[in-house]
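Close look at the chain arrangement
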Amino acid sequence: MASSASHDIRDTLRGHGLRATPQRLAVHGALHDLGRHATAEEVLDRVHGRVPGVSLPTVYAALELLADLGLASRVQAGRAVRYDPRADPHHHLVCTGCGAVLDLDAEVDLRPALERVRAAGAVATGVEVLVRGRCAACA
């Protein structure tokens, strides 16, 4: 029996007129199996052998699509982009020592920043707090 998460992604993809391809489903499943902020390369390692014909560009395309559809989050962690299986609004700490990305569940009033965006005539498409510092292991 398929999991609830696989039904959700199938429904979301189809709701946007997209196919629920084996590659997309495998990438989504691998990201959730890893259960952490993962690079595309780490997701590829997890998917490799499960579905034929999955390459790094395929994984990047699937991860970007998942992020665009709100099924994952994209986190700019220094030079690397990591993908978070957690798609709900939350913030992150990026360790400048080891590169780890940690979730931060904190209430932050972002209204003043968004008001400044609107005052500048711009439109915000997303907002999060990204804290740079050292994780407990590196501190």
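Use the structure listed above.
Residues numbered from 1 in each chain as written. Predicted model: local features only at pLDDT ≥ 70, side-chain atom pairs only at ≥ 80, totals over all residues. Heavy atoms only, no water.

1. Digging into the environment of L102
Relative to the elements of secondary structure, L102 occurs in strand β4 (residues 101–104). Relative accessible area serves as the criterion here: at 37%, L102 is assigned to the partly exposed category. Excluding its chain neighbours within four sequence positions, the residues that come into contact with L102 are H37, H91, H92, L93 and C135. (Helix = DSSP H or I, 4+ residues; strand = E, 2+ residues; numbered from the N terminus. Buried < 20%, exposed > 50% of the residue type's maximum accessible area, 1.4 Å probe, protein only. Contact = heavy atoms within 4.5 Å.)

2. Focus on the nonpolar core
The biggest cluster of nonpolar side chains holds 25 residues, and the ones touching the most others in it are V27, L31, V43, V47, V59, L63 and L66. For this core, the elements supplying multiple residues, two or more each, are α1 (4–15), α2 (22–34), α3 (40–47) and α4 (56–68). The dominant element in this core, judged by the number of residues it contributes, is α2, at 6 residues. In this structure, L31 is in contact with R36, A38, V43, L63, A72, Y83, D84 and P85, ignoring residues within four places of it in sequence. (Core = buried A, V, L, I, M, F, W, Y, C linked by side-chain atoms within 4.5 Å.)

3. Looking at the sheet that holds strand β5 (residues 130–133)
Strands pair in a sheet through their backbones, by hydrogen bonds, and they do so in one of two ways: parallel or antiparallel. In space, the 3 strands of this open sheet follow the order β4-β3-β5, with mixed pairing throughout. Pairing within the sheet leaves two strands with one partner each, and these edge strands are β4 and β5. Taking each pair of neighbouring strands and ignoring which way they run, the sheet shows an average axis angle of 25°. Sheet topology note: the strand β3 (residues 91–95)/β5 ladder contains 4 bridges and is parallel. Bridge pairing links V94 to R132 in β5. (Pairing = 2+ DSSP bridges. Axes fitted to C-alpha atoms, helices over the stretch in contact; angles between N-to-C directions.)

4. Topic: the pairing of strand β2 (residues 80–84)
Pairing of strand β1 (residues 73–77) with β2 involves 5 bridges; the strand directions are antiparallel. In the strand pairing of β2, A77 is matched with A80. Where β1 folds back onto β2 in an antiparallel hairpin, the turn is made up of 2 residues, including G78, whose phi is positive at roughly 70°.

Functional significance is not addressed by these values, which are geometric in nature.
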